[in-house]
Amino acid sequence: GGRASYSSPSLVQQHHGAGSELISSHREIRSIEPDVTVVVGGVEFFHHTAVLVYASEYFDTCLSSGMKESQLKRIEFPDRDPEEW
């Protein structure tokens, strides 16, 4: 996997609200590998579960509820523009 890069304004804000500054901060976490893949319009983005669930109730639900996304560690937005992420 690659390193997580957090530069995603609009699509992320739709799913996080107040925590969006965590994702859009451009800060890279180098001490641990990303453990979840978010696929937007066919483009893969590698992220850290802890950051996504802290920033977003939507991602917290997806990744902690036993949904397929929590088992696969993969969340897909096939009809969205990767530029929005």
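Just so we're clear, the structure is a prediction, and the values are computed from it rather than from any experiment.

Each helix and strand in the protein chain was counted, giving 5 helices and 3 strands. In sequence order, the protein chain lays out its α and β elements as α-α-β-β-α-α-α-β. Taken over 85 residues, the protein chain has a buried fraction of 39%. In the protein chain, 59% of the contacts between residues at least 6 apart in sequence involve partners at least 24 apart. Within the structure as shown, the protein chain displays about 4900 Å² of accessible surface, and the carbon and sulfur contribution to it stands at 49%.

A separate point is the nonpolar core. Val36, Val38, Val40, Phe45, Leu52, Phe59, Cys62, Leu63, Ile75, Phe77 and Trp85 together form the largest nonpolar core, which totals 11 residues. Residue assignment for this core shows that the elements contributing at least two residues are β1 (36-40), α4 (57-64) and β3 (74-77).

Turning to the confidence of the model for the protein chain, a few remarks are in order. In this model, the protein chain carries a mean pLDDT of 77, and residues with pLDDT of at least 70 account for 66%. Below a pLDDT of 50 lies the segment residues 1-10, which in the model reaches 39 contacts outside its immediate sequence neighbourhood of four places, other chains included. Segment residues 16-20: pLDDT under 50, and 6 contacts once partners within four positions in sequence are set aside and those in other chains are kept.

Moving on, we come to the environment of Leu63. Within the secondary structure layout, Leu63 lies in helix α4. Using a relative accessible area of 9% as the deciding quantity, one classes Leu63 as buried. Between the C-alpha atoms of Leu63 and Lys73, which are 10 residues apart in sequence, the distance is 7.2 Å. Ignoring any residue separated from it by four or fewer positions in sequence, one finds Leu63 in contact with Val36, Thr49, Val53, Glu69, Ser70 and Ile75.

Parameters and conventions
Residues numbered from 1 in each chain as written. Predicted model: local features only at pLDDT ≥ 70, side-chain atom pairs only at ≥ 80, totals over all residues. Heavy atoms only, no water. Helix = DSSP H or I, 4+ residues; strand = E, 2+ residues; numbered from the N terminus. Buried < 20%, exposed > 50% of the residue type's maximum accessible area, 1.4 Å probe, protein only. Contact = heavy atoms within 4.5 Å. Areas by Shrake-Rupley, 256 points an atom, 1.4 Å probe, with all protein chains shown as cover. Core = buried A, V, L, I, M, F, W, Y, C linked by side-chain atoms within 4.5 Å. pLDDT = per-residue confidence, 0-100.

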